[in-house]
Amino acid sequence: MSHTIEQLDAEASVLLAKYSSNGLKNKDRLAIPVQEMPSQAPEIRVNNMEEVALGYTEAQVIVESMRCLQCATAPCVDGCPVRIDIPGFIALAAKGDFARSIATIKDSSMLPSVCGRVCPQESQCQLTCTVGKVHKNVDKAVAIGRIERYVADWEANHGTRSIPPVLSSTGKKVGVIGSGPASMTAAADLRRAGHEVVMFEALHKAGGVLVYGIPEFRLPKRIVEEELHTLSDMGVKIEYNFLVGRTATINDLMEREGFSALFIGSGAGLPNFLNIPGENLIGVFSANEYLTRSNLMKAYDKAKAGTPLFDSKKVLVFGGGNVAMDAARTAKRLGADEVNIVYRRTSEEMPARREEVVHAHEEGIIFKYLHAPKEILGDDKGRVTGVKVILCELGAPDSSGRRSPVEIPGSEQVLSCDTVIVAIGNSSNPLIEKTTKGLKVDRKGHIVVDEETCATSMPGVYAGGDIVLGSATVILAMGQGRKAAKAMNEYLLAQEKVGGSAT
Amino acid sequence: MFTIVDKRKMSPEVFRMVFTAPYIARSRKPGQFIIIQQGGDYSERIPLTIADADAEKGTVTIIFQAVGAATHQLALLDPGEAIANVLGPLGQPTHIEKFGKVICVGGGIGAAPLHPIAQAMAQAGNELKVIVGARTKDLIIMEEEMNKISDDVIICTDDGSYGRKALVTEPLKELCEQWKPDMVVAIGPPIMMKFCTQTTKPFGVPIIVSLNTIMVDGTGMCGGCRVSINGKTKFVCVDGPEFDGYAVDWENMMMRLGTFKTQEQKAHHHCHIGLNIKEGEA
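Residues numbered from 1 in each chain as written. Chains lettered and ligands numbered in written order. Predicted model: local features only at pLDDT ≥ 70, side-chain atom pairs only at ≥ 80, totals over all residues.

## Here we look at the overall build of chain A
The secondary structure content of chain A amounts to 20 helices and 16 strands. Against the globule reference of 23 Å for 503 residues, chain A gives a C-alpha radius of gyration of 24 Å, in line with a compact fold. C-alpha atoms of chain A, sized along the principal axes, occupy 75 × 65 × 50 Å. Burial statistics for chain A: of 503 residues in total, 51% are counted as buried. (Helix = DSSP H or I, 4+ residues; strand = E, 2+ residues; numbered from the N terminus. Rg over C-alpha atoms; globule rule 2.2 N^0.38 Å. Buried ≥ 20, exposed ≤ 12 C-beta atoms within 10 Å, placed from the backbone.)

## Some remarks on the overall build of chain B
A tally of regular secondary structure across chain B gives nine helices and 17 strands. Its C-alpha atoms give chain B a radius of gyration of 18 Å, near enough to 19 Å, the size a compact globule of 282 residues would have. Across its three principal axes, chain B shows a C-alpha extent of roughly 50 × 40 × 40 Å. The proportion of buried residues among the 282 residues of chain B is 51%. For chain B, contacts bridging at least 24 residues in sequence account for 65% of all contacts bridging at least 6. (Contact = placed C-beta atoms within 7 Å.)

## Quick word on the sheet that holds strand β3 (residues 237-239) of chain A
All names here are of chain A. Spatially, the five strands line up as an open sheet ordered β3-β2-β1-β4-β16, and their pairing is parallel. Unpaired on one side and paired on the other, β3 and β16 (461-463) mark the two borders of the sheet. Geometrically, the sheet is characterised by an average inter-axis angle of 20° between neighbouring strands, direction not taken into account. (Pairing = 2+ DSSP bridges. Axes fitted to C-alpha atoms, helices over the stretch in contact; angles between N-to-C directions.)

## As for the packing of helix α7 (residues 98-106) of chain A against helix α10 (residues 144-157) of chain A
Helix-helix packing is characterised by the crossing angle of the two axes and by the distance between the axes. Residue and element names in this part refer to chain A. For the pair α7 and α10, interaxial distance at closest approach is 9 Å and the crossing angle is 110°. Put simply, α7 runs roughly perpendicular to α10. Between α7 and α10 the crossing geometry is left-handed. Within the contact between the two elements, α7 uses Phe-98, Ser-101, Ile-102 and Ile-105 and α10 uses Glu-148, Val-151, Ala-152, Trp-154 and Glu-155. Looking at the contact of α7 with α10 residue by residue, the class counts come to six nonpolar, one polar and two charged. (Parallel < 35°, antiparallel > 145°, perpendicular 65-115°, else oblique. Left-handed = near helix turned anticlockwise from the far one by under 90°. Nonpolar A, V, L, I, M, F, W, Y, C, P; charged D, E, K, R; others polar.)

## Structural notes on the pairing of strand β1 (residues 2-11) of chain B
Residue and element names in this part refer to chain B. Bridging between β1 and strand β7 (residues 82-83) involves two bridges; their strand directions are antiparallel. Residue pairing across strands places Thr-3 opposite Ala-82, the latter belonging to β7. Bridge count for β1 against strand β2 (residues 14-20) is six bridges, and the pairing is antiparallel. Its bridge partner lying in β2, Ile-4 is registered against Phe-19. Hairpin connection from β1 to β2: two residues lie between these consecutive antiparallel strands.

## A short note on the domain arrangement of chain A
Residue and element names in this part refer to chain A. Each assigned domain of chain A is listed with its residue range as follows: domain 1 (5-157), domain 2 (173-268 + 428-502) and domain 3 (271-426). Relative to domain 2, the C-alpha centre of domain 1 lies at a distance of 31 Å. Contact with domain 1, which involves 18 residues of that partner, is made by 22 residues of domain 2. At five residues, the largest contribution of residues to the side of domain 1 that touches domain 2 is made by helix α8 (residues 112-118). Here the side of domain 1 that touches domain 2 is built from residues that sort into twelve nonpolar, two polar and four charged. (Domains from an automatic or database assignment.)

## Observations regarding the environment of Ile5(A)
Residues and elements named next belong to chain A. If you trace the backbone, Ile-5 turns up in helix α1 (residues 5-19). Sequence separation between Ile-5 and Gln-60 is 55 residues; the distance between their C-alpha atoms is 10.0 Å. Not counting the four nearest positions on each side in its chain, Ile-5 is found in contact with Pro-38, Leu-54 and Thr-57.

## Brief notes about the domain arrangement of chain B
Domain parsing of chain B yields domain 1 (2-90) and domain 2 (101-257). Broken down by secondary-structure element, the contributors of at least two residues to the side of domain 1 of chain B that touches domain 2 of chain B are β1, β3 (33-37), β4 (45-49), β6 (59-65) and β8 (85-90) of chain B.

## Some words on unusual backbone geometry
Here the bond from Gly88(B) into Pro89(B) is cis, since omega is -5°, no more than 30 degrees from zero. Tracing the backbone through its elements, the reader meets Pro89(B) in strand β8. With omega at 10°, the peptide bond leading from Gly240(B) into Pro241(B) counts as cis. Phi is positive for Lys298(A), which is not a glycine, with a value near 60°. When you line up the elements, Lys298(A) lands in the loop between α15 (287-295) and β7 (314-318).

## Focus on the interface of chain B and chain A
Taken residue by residue, the interface counts 37 residues in chain B and 31 residues in chain A. Counting residues per element, the ones that place at least two in the side of chain B that touches chain A are α1 (22-27), α2 (69-75), β8, β15 (226-229), β16 (232-235), α8 (250-257) and α9 (261-281) of chain B. Broken down by element, the residue count for the side of chain B that touches chain A peaks at six residues, all from β8(B). Its residues placed into classes, the side of chain B that touches chain A shows 16 nonpolar, 15 polar and six charged.

## Points about the sheet that holds β4(B)
Residues and elements named next belong to chain B. Spatially, three strands are ordered β4-β3-β8 in an open sheet, and the strand pairing comes out antiparallel. The open sheet has two free edges, formed respectively by β4 and β8, since each of these has just one partner strand. Adjacent strand axes in the sheet meet at a mean angle of 25°, parallel and antiparallel pairs treated alike. Here β3 runs beside β4; their pairing, made up of five bridges, is antiparallel. Each bridged residue has a counterpart across the sheet, and for Gln-37 the counterpart in β4 is Arg-45.

Set out below in C-alpha cells:
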C-alpha cells in the first residue's frame, strides 16, 4: 500500500508544522512515524528502467531527521564501516542546513549519493540505531540512508558540488587499478595529498560494479558519472582499456612506468556456476553476463544497442543476494512473463538488502525458498527447458553461522523455464596474481593485506575491495580504499624523507 | 587513441587494418587477442585476433571479416580515424617450443592469427608446413606472409578457384600419413577445427585449436565464453583461447555460438546497407 509522493509530502508537512517548534522531547521524536520512501508504482516501474525510489521531499527529510534522538553514544556510528558522523549530519538536515549536512558526510565518505542508495543500512548503521531498538523493530530505526541520499542529491541538484582541494604536487606518480568504489575512494584521497594519480580501467567505461553490475533502476548511472567527474576535476587521470596483468603488469608499472605506489582495487572476478549438468546449455547465464549486457552495454534499449539480450519468457534466478534481485528485476523489466528467485535457504538467511527484496516482491517476482538445483535440462537444440530441483529443509548452522540446507530425499521436481541466471557469487580473478612476481594471495586467490594499512606483500603495493574481501559491499570497499590511501600517503612521505636525506 | 594508420580491403568482405596501440604492440604474444568497442553507449564489444604487431612503431595489425554489425562499422573507418576502444592483449599466449615437425592449418580468416604463431614456431627451430584454406580464391589470405616463413605452403579452396580443390583436412591427412608431424595448430571456423581434430586423432598427433566464442568483457567477468574442456567448464578469455583440440566439446561450443542467432539476424539486415553504399562510392 504505497502512497504517492504528493500524499507523503502532505503528511510530512502536517507533522512538520506540528513539531517544528523547538523543544522536542524524546517521547515526541519516538512518536513520529518513519517517513515512507516515495517510489514509482510497481505496475509502472516494471515497464521502465528508471530509478524505483524517488527520494524524500524536503518536508519528509526534515521530519525523518527529527526522529533521531542524538544519542551521546551514537551507536549508529559504530555500525558504519567508515564511521560517518551520523548524528551530526542528521542534526544539520533537521535544521534544513543541507549544505553543511552533506559536508559532514563527505568528511568520511566519498560517495554518499551511491551509499545512500545501495548500502545495506538495516544490517549496519540502522541495525544499531536506538530508535529501532526502542520500537523493537529495525524497520522503525531512523532512515539514515534515505536522509544521506537526500542531502547528497540536494548538493548535486543545487550545483554546489564542491571539488575537494588538492595539495601542491608531490612529484610522485601513483596508480589505482580498477575504478569501482574502492579505487574511486583511494584515487580521491591520494590526489588530495598532491600525488599524480592514474586510474587504470579495463572496460570502456569507469565505475566498476556501480556501472556494469548495479542496474539503472537502483543506481542511475548519471550519479556515478557525476562522481567520476569530480575525480577528473580534481586531476585524476583515467586510462581506459588498460587491463593490468595484460596491457602492462604490476612489475612493469613499478619498474618501467615510474609509479611510486599502486592500489589494486580490481574487484570481484570470475562468476561461479552451479557445477551441475547442463550449465553450458543455451539460456544459462551468469548474473554478471546478464547484468553487464543490460547495464554496461545498454542492451535493455533493444532499438539502439548493438549487444543482444536473450528473449526470455520464464526465468529462474539462482541465488539470494542483491545480484540475484538485480538480475530478476532486470529480467522482469525486459519483458519476461514469469521470474522466479530460487534459493536454497529461507527469507531469513537471504543476504539481499531488505528494500530490494520488498521491491522484488512488489514487482511480482516469485520466491521459491528451500529449493536446490540438481540439473539443468535442455532440448535437442541445446536450449534450456527446465531445471531439476530438490526440496531442502534447514539443518545445523554452517561456518558462516547460517543454517545450511539439507536435501529431502525423493523430493525432486522439475521447474520449467527458458532462461537460467546464476547469481551465486564470484571467485577471484587470477590474472594479477599470476602476472605479478612477489604478490601474496590466500587459498581463495584473494590478495593478502595488512588489516590496518591494506599493504600487500609487495612494497608500495596496496589492495582493497572485493579482490581482498571477496564479495563485500560498496561501503566496505570504500573503507579499504580510504585506509589504503592513508597508508600510501605515509609510505610515500617516508620514501621522500629517505630520498631527501640521501641527496 | 587507437588511430588507424593503414587500411586495405583484401576481398569484398575481408579488411586489414593497422592502428596505433603502443602497449598492446609491446605486450602481445602469438595466440592473444583484443576486444574492440567503437564508442558511445550502444556499440558492442567484439573479440578480434591479432595478425601482427610492431613494437617499435607501436602498431597492431588486425585482419577481419565484416560479418556482423560491429565488424561492418569497423570496416567503415578510414586511416586518420580512430577506434574508440581497444583492450588487450587478452588470453594466454601460445605455448611455443621446439616440437620438431609442426603443421599450421588456417581456415578463412583464421589464417591471420595463425601467422604470428607459425612465425614463432619457425623461429623456435621447428620444421614448418602450412595449409591455408578458404571457400574461394578471394578469401585466401596471408599466402605471401606464410611463404616467407615456410617452404611448403599448401593452398586449398572449396570451389577449386585457387590451389587445390579440397578441404584443409585432405592435405592434413596426407601429411599426417607421410610427414608424421609432432604438433598441429589449427585455427579457423569451429567446424573446420573439429574436423581437423578428427583427422589427426588416428595418428596420435597433438593438436592445438584457438576458439573464438561469444564474449562481453574479455577479462573473465561474464563467463559468456565458457566451453567444456574434458568435461570441465573453462573460460576462453582467460583460460584460452587455445585448447587441446581433443578435449573440446565441439557440439556444445558450436551450439552456444547460436545463442543470439535470432537477434543477430535482425541486426545484420540493417548493417549491410551502410557498407554497400561505401563500396559503391569507392
